[in-house]
Amino acid sequence: METWTVHQLSLSSRHLADEATISDLKMYASRLKRRKLPVIFTLKHLSKISGVDYTFLRRTVERRREFSNYKMFAIKKRSGGRRHIHSLTEQLLQVQRFINSEILKYVDVSDVSYAFSREGGIRNCATQHCGARWILKFDLENFFYSVTETDVYYVFISLGYRPLLAFEMARICTTLRLPNHLKYLLKGPEKFDRAKKQKLYQIPKRGYTYGKPELTLSDLEALMQGRPLEYKRDFQPSPLGVLPQGAPTSPMLSNLVARKLDEKLIEYSDSNYLVYTRYADDLVFSSSDLNFDPKNIAKIQRDIAKIIKESGYRVNSSKTRVAGPGARKMVLGLLVDGNTPRLSKDMVKRIDRHLYSIEKYGISAVSDYNGFDSVYGFYNHLSGLIAFTKDVDIKRWKSFHERFRNISTPR
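As the structure is a computational prediction, the values presented were derived from the model and not from experiment. (Residues numbered from 1 in each chain as written. Predicted model: local features only at pLDDT ≥ 70, side-chain atom pairs only at ≥ 80, totals over all residues. Heavy atoms only, no water.)

Draft legend 1. Region of interest: the overall build of the protein. Within the protein one finds 18 helices and 9 strands. Looking at the protein residue by residue over its 411 residues, the buried ones come to 49%. Contacts in the protein between residues far apart in sequence, at least 24 positions, make up 71% of those at least 6 positions apart. When the accessible surface of the protein is totalled, it reaches about 21700 Å², and 49% of it is carbon and sulfur. (Helix = DSSP H or I, 4+ residues; strand = E, 2+ residues; numbered from the N terminus. Buried < 20%, exposed > 50% of the residue type's maximum accessible area, 1.4 Å probe, protein only. Contact = heavy atoms within 4.5 Å. Areas by Shrake-Rupley, 256 points an atom, 1.4 Å probe, with all protein chains shown as cover.)

What follows is the structure, given as structure tokens:
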């Protein structure tokens, strides 16, 4: 990362711009520095500090590299169907890792959000519901694909980045490439913003600005060469990109966008004496109230579903669950009927069975038997299951991990 002060910026730019412009740049840099965020002025500046080619970034922003930037593969979901994962090209992976590690990881998420955060984790999330008499579970359908580039744009705006750069980073972190059966999720700008803010988010056809002109690196170069500044205002309609599943920036961006949903559900939960947590797209509500009236369950489900819909998400009704007194209570695959979360016997047997079968028949045969489209997808699936046990049962994780290490990584 670059190291410089706001005063050094002022001195070095005096011969490039007038005092008003320099003061604006100083204020912009100061706000970001106070928040411990990297100061980024333009796309070219982002290119320089991330080490990624500018032309590559520009073409990515212009949506000219969708098919070369991403490859997709599907993995089988335990609940049925396929989950489509985006694999990023090396340069896109590099710039997204920069954005994630230098910007997003420093932003606080909602207190009830436990996925992809420093103080989170499956165990901590499940712990909040230990001892509950009633548990209600909801699942958000197509969670990442419900977050559009407009949502991401407003995240970067809220952090203090200038509109043009916020637009460019939103484009870098989203994609139009989806499986054919999910392309209906790509919305047009005119259909998206219920608050009628879409005029604040217009898609440049060419050029480097929209709305109120702002100084860019191209402007500075023009001033140095004595050329006048020309701002282009040509726009064209374009579908809004969505978060790719598997990209480094998608988890934290989805968390930050979901803050508004969390705030509404926290308010509802508090008024109904419920405990609420969210782990990515898994929403759990619980109650230990001895006077909890089961007749209220249907109303609570309707109320929560309405809040979710009004926040721009959809409930996967096939995964909605209610567990009352006497029923087995699980949260994120962990049993929460005691004082602390614990692994279920089914989970332990499932991982052990996979490892035993691989040791005896080989990973390719076991992958085919379990209906996976690729050996690599099955390998990642098993790796995730084993990682899941680490936070809950370290002794069992060590045993599983040692056996997993003997499996060659598929190519």
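Draft legend 2. Focus on helix 9 (residues 163-172). The element helix 9 is largely enclosed, with a buried count of 9 among its 10 residues. What helix 9 keeps buried is the set Leu164, Leu165, Ala166, Phe167, Glu168, Met169, Ala170, Arg171 and Ile172.

Draft legend 3. Representation of helix 15 (residues 345-361) within the structure. For helix 15, spanning 17 residues, the distance from its first C-alpha to its last is 24 Å, which sits close to the expected 24 Å at 1.5 Å a residue. Those residues of helix 15 lying buried are Met347, Val348, Arg350, Ile351, His354, Leu355, Ser357 and Ile358. Looking at the buried residues of helix 15, the elements they touch are strand 9 (342-343), helix 16 (363-369), helix 17 (375-390) and helix 18 (394-404). Among the residues trailing helix 15, Gly362 stands out with phi positive, at a value near 95°. (Expected span 1.5 Å × (residues − 1).)

Draft legend 4. Inspection of the pattern of salt bridges at higher detail. Inspection of the entire model under this criterion finds 13 salt bridges. For Asp352, the salt bridge goes to Arg403, with nearest N and O atoms at 2.8 Å. You can see Asp352 sitting in helix 15 and its partner Arg403 sitting in helix 18, a full 51 residues away along the chain. On the accessibility criterion, Asp352 (35% relative accessible area) is partly exposed. Overall, the relative accessible area of 21% leaves Arg403 in the partly exposed class. Shared partners join several salt bridges into a network, and the residues in it are Arg63, Glu66, Glu149 and Arg171. (Salt bridge = Lys/Arg side-chain N within 4 Å of Asp/Glu carboxyl O.)

Draft legend 5. Representation of the sheet that holds strand 9 in the model. Read from one edge to the other, the open sheet built from 3 strands follows the order 7-8-9, with strand pairing classed as antiparallel. Both edges of this open sheet fall to strand 7 (330-331) and strand 9, since each of them pairs with a single strand only. For strand 7 and strand 8 (residues 334-335), the ladder comprises 2 bridges, and the chain directions are antiparallel. Residue pairing in the sheet places Met330 in a bridge with Leu335 of strand 8. (Pairing = 2+ DSSP bridges.)

Draft legend 6. Expanded view of unusual backbone geometry. Within the chain, Asn142 stands out as a residue other than glycine whose phi angle is a positive 50°. As for its position among the elements, Asn142 is in the loop between strand 3 (134-139) and helix 8 (149-159). Overall, Asn142 belongs to the partly exposed group, its relative accessible area being 23%. Residue Leu332 is not a glycine yet carries a positive backbone phi of 55°. Take Leu332: it is sitting in the loop between strand 7 and strand 8.

Draft legend 7. Highlighting the nonpolar core. Of all hydrophobic cores here, the largest spans 108 residues; its most connected members are Ile99, Ile103, Phe156 and Tyr161. When residues in this core are grouped by element, the largest group, 7 residues, is from helix 9. With sequence-adjacent residues up to four places away left out, Phe156 is seen in contact with Ile99, Ile103, Leu104, Tyr161, Ala166, Met169, Ala170, Cys173 and Leu253. (Core = buried A, V, L, I, M, F, W, Y, C linked by side-chain atoms within 4.5 Å.)

Draft legend 8. Layout of the sheet that holds strand 4 (residues 275-279). The sheet built from 4 strands is open, its strands ordered 4-5-3-6 with antiparallel pairing. Strand pairing shows two members of the sheet lacking a second neighbour, strand 4 and strand 6 (321-323), which therefore form its edges. The mean inter-strand angle of the sheet, taken between neighbouring strand axes irrespective of direction, is 15°. Alignment of strand 3 against strand 6, held across 3 bridges, turns out to be antiparallel. Bridge pairing in strand 6 places Ile135 opposite Ala323. (Axes fitted to C-alpha atoms, helices over the stretch in contact; angles between N-to-C directions.)

Draft legend 9. Region of the structure containing the environment of Tyr273. Inspection of the secondary structure puts Tyr273 in the loop between helix 13 (259-271) and strand 4. Residues Tyr273 and Phe292, spaced 19 residues apart in sequence, show a C-alpha to C-alpha distance of 9.7 Å.

Draft legend 10. Spatial organisation of the pairing of strand 4. Most of strand 4 sits inside the fold, with 4 of its 5 residues counted as buried. Direction of pairing for strand 4 relative to strand 5 (residues 282-287): antiparallel, over a ladder of 5 bridges. Among the inter-strand pairings, Val275 is bridged to a residue of strand 5, identified as Ser286. Two successive antiparallel strands, strand 4 and strand 5, enclose a turn made up of 2 residues, where Ala280 displays a positive phi of approximately 60°.

Draft legend 11. Structural context of the packing of aromatic side chains. According to the stated counting rule, one finds 8 aromatic pairs in the structure shown. Centroid distance Tyr276 to Phe285: 4.8 Å. Interplanar angle 20°. Geometry classified as stacked. When its relative accessible area of 6% is taken as the criterion, Tyr276 is described as buried. Positioned above the aromatic ring of Tyr54 is the side chain of Lys44, whose terminal nitrogen or guanidinium carbon lies 5.1 Å from the ring centre. Just above the ring of Tyr28 sits the side chain of Arg162; from NZ or CZ to the centre is 5.3 Å. (Phe/Tyr/Trp six-rings, centres within 6.5 Å; stacked < 30°, edge-to-face > 60°. Lys NZ or Arg CZ within 6 Å of the ring centre and 35° of its normal.)

Draft legend 12. View of the side chain of Thr249. Considering the arrangement of structural elements, one finds Thr249 in the loop between helix 11 (217-224) and helix 12 (250-257). You can call Thr249 buried: its relative accessible area is 0%. One polar contact links Thr249 to Gln96, side chain to side chain, over a distance of 2.7 Å. Among residues more than four places away in sequence, those in contact with Thr249 are Gln96, Ile99, Asn100, Leu104 and Cys173. (Polar contact = N/O pair within 3.5 Å; in protein donor to acceptor, adjacent residues only side chain to side chain.)

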